[in-house]
Amino acid sequence: MKIFYSESHRSHYPPFEVFDGGIRVPYFENPDRMDQILTALKRTQWADFIQPNDFGLDPILAIHDRDYINFLASCWDEWLASDPEVATAPEKHAFLPATFALRRKARPTTSLRGRGGYYIMDLSACIVEGTYQAALASANCALSAASALVNGERSAFGLCRPPGHHAGKDYAGGYCFINNAAVAANWLSKKGRTAILDVDYHAGNGTQDIFYERGDVLTISIHGDPDFEYPHYIGFAEEIGAGAGLGFHRNFPLPKDTGDEAYLSALEEALQMIRAFAPDYLVVSLGADAFDGDPLGMFRVTRNGFHEIGNRIAGLNLPTAIIMEGGYANEALGHNIQTLLENFK
Ligand code: SP5
Ligand code: ZN
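This one's a predicted model, so the numbers in the text were calculated from it and none came from an experiment.

1. Observations concerning the overall build of the protein
Along the protein, the regular secondary structure elements total 11 helices and 10 strands. Each principal axis of the C-alpha distribution contributes one length, and for the protein these read about 55 × 45 × 40 Å. Looking at the 345 residues of the protein, the share that counts as buried comes to 59%. Restricting to contacts in the protein with at least 6 residues of sequence separation, those with at least 24 account for 76%. Here the protein displays about 13700 Å² of accessible surface, and carbon together with sulfur accounts for 49% of that area. In the protein, which carries 28 positive and 43 negative side-chain charges, the distance between the mean positions of the two groups comes to 3 Å.

And the structure:
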């Protein structure tokens, strides 16, 4: 299997994030996640690691607002230039909003903080010096996987970091800056009918927002119920698309302690919708944070469960671009991803 991976992610390693209740914790979405996956996949006979191609900004700007991308590109440099304290110890700093542009007719104001609170939705999408370059390379990994399908591969893996599914057209959040799966799916949708299945533990709010009024790309997300889980305000069952997109979005919010059996029965319903949509291409947003023991998740999916999730999705027999999202039980992450991917090799 072709696996598109770039080392550029390493320079995106914020020194902290701000967790529930306002405590600073080490950044959960860290480079070690990739090392765990790389180690597991390199031991197999079937993993073919390839550098991503550079697709330029056009496919990214087909999804994200230019002003938002400009903000990502310049945020760190502007902060460094404007705050002497950052320059004294840049490695201890990460840019986060001070206030959020909440429930009013907001627009980005010109100051850096004024743009920060407009373009960032939470306190886990920290920006450091290498963030923008890492996000671009990550999007290129997803696009390269999509492109491999058009070139005849039955499956390809975008080993993307940072992840993407929480990023909307003009906002970052949940460790995500550019929505890699959305960029790849939109690019694929110009070549054939495309569906996105998001199995990350968290609701794929960015992907939902981006395609909500589009009927040409089916989007489905299976996740912890936002009634108790991040991102808290989106990902509910009654959200089914709008306008031309009505009926082309579906959420499966599931309760705490969801295990293999309940997960797989929601997945079967999702797969049935995909079959009915009859796409030419499938994009899978693959998080492994539904794992029993994930520090950010409340589900109880086992390693065998991940095998079965992969087996069922592969049973659709569609050209499939698998795009890496979350998963924070680092010691199990490599094996869980390998086990799921094995179904596609
Ligand atoms: C891509 C992805 O998986 N992003 C997830 C971002 C979640 N950030 C919010 C963290 C809130 C964690 N609350 C968990 C408490 C566990 N004790
Ligand atoms: Zn997640």
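Once you've had a look at it, read on.
2. Concerning the layout of surface pockets
If you add up the space inside the largest pocket, you get close to 1300 Å³. Met 121, Asp 122, Tyr 230, Pro 231 and His 232 are, among the 41 residues lining the largest pocket, the residues nearest its centre. Residue assignment for the lining of the largest pocket shows that the elements contributing at least two residues are β2 (17-18), α5 (112-119) and α8 (205-211). Tallying contributions element by element places α5 first for the lining of the largest pocket, with three residues.

3. Considerations on the coordination of the zinc ion (ligand 2)
Coordination of the zinc ion (ligand 2) by the protein involves Asp 200 (OD), Asp 200 (OD), His 202 (ND1) and Asp 289 (OD), with metal-donor separations of 2.0 to 2.8 Å. One chain supplies every donor for the zinc ion (ligand 2), spaced along it as D-x1-H-x86-D. A residue pair is termed long-range when its members are at least 10 positions apart, and His 202 in the loop between β6 (194-198) and α8 and Asp 289 in the loop between β9 (281-286) and α10 (303-314) qualify at 87 residues. What makes His 202 buried here is its relative accessible area of 6%. Residue class for Asp 289 comes out buried when judged on its relative accessible area of 0%.

4. Remarks on the sheet that holds strand β4 (residues 48-50)
In spatial order, the strands read β4-β1-β5-β10-β9-β6-β7-β8; together these eight strands make up an open sheet with parallel pairing. In this open sheet, the two strands that pair with only one neighbour each are β4 and β8 (249-254). Direction aside, the axes of adjacent strands within the sheet are offset by 20 degrees on average. Bridge count between strand β1 (residues 2-4) and strand β5 (residues 155-158): three bridges; the pairing is parallel. If you follow Phe 4 over to β5, its bridge partner there is Gly 158.

5. A look at the nonpolar core
Within the largest apolar cluster, 106 residues are counted, with the highest numbers of intra-cluster contacts made by Phe 157, Leu 197 and Ile 313. In terms of residue count, helix α6 (residues 131-150) provides more of this core than any other element does, 11 residues in total. Apart from the residues within four sequence positions on either side, Ile 313 is in contact with Leu 197, Val 199, Leu 267, Leu 271, Leu 282, Val 284 and Phe 344.

6. Some words on unusual backbone geometry
A cis amide bond links Arg 161 to the next residue, Pro 162, at an omega of 0 degrees. Cis geometry is adopted by the peptide bond preceding Pro 231, which originates at Tyr 230 and carries an omega value of 5 degrees. By the element assignment, Pro 231 lies in the loop between β7 (217-224) and β8. Although it is not a glycine, Arg 103 adopts a positive phi angle of roughly 45 degrees. On the secondary structure map, Arg 103 appears in the loop between α4 (84-88) and α5. Note on Arg 103: relative accessible area 76%, which makes it exposed. For Ala 278, which is not a glycine, the phi torsion comes out positive at approximately 50 degrees. With respect to the helices and strands, Ala 278 occurs in the loop between α9 (260-277) and β9.

What counts and what doesn't
Residues numbered from 1 in each chain as written. Chains lettered and ligands numbered in written order. Predicted model: local features only at pLDDT ≥ 70, side-chain atom pairs only at ≥ 80, totals over all residues. Heavy atoms only, no water. Helix = DSSP H or I, 4+ residues; strand = E, 2+ residues; numbered from the N terminus. Buried < 20%, exposed > 50% of the residue type's maximum accessible area, 1.4 Å probe, protein only. Contact = heavy atoms within 4.5 Å. Areas by Shrake-Rupley, 256 points an atom, 1.4 Å probe, with all protein chains shown as cover. Lys, Arg positive; Asp, Glu negative; His and termini not counted. Charge placed at Lys NZ, Arg CZ, Asp CG, Glu CD. 1 Å grid on protein atoms, 1.4 Å probe; cavity = no way out; pocket = protein on both sides within 12 Å on 5 of 7 lines; lining within 4 Å. Points joined across faces, edges and corners; volume = space filled by probe spheres on them. Donors = N, O, S within 2.8 Å, 3.2 Å for Na, K, Ca; no water. Pairing = 2+ DSSP bridges. Axes fitted to C-alpha atoms, helices over the stretch in contact; angles between N-to-C directions. Core = buried A, V, L, I, M, F, W, Y, C linked by side-chain atoms within 4.5 Å.

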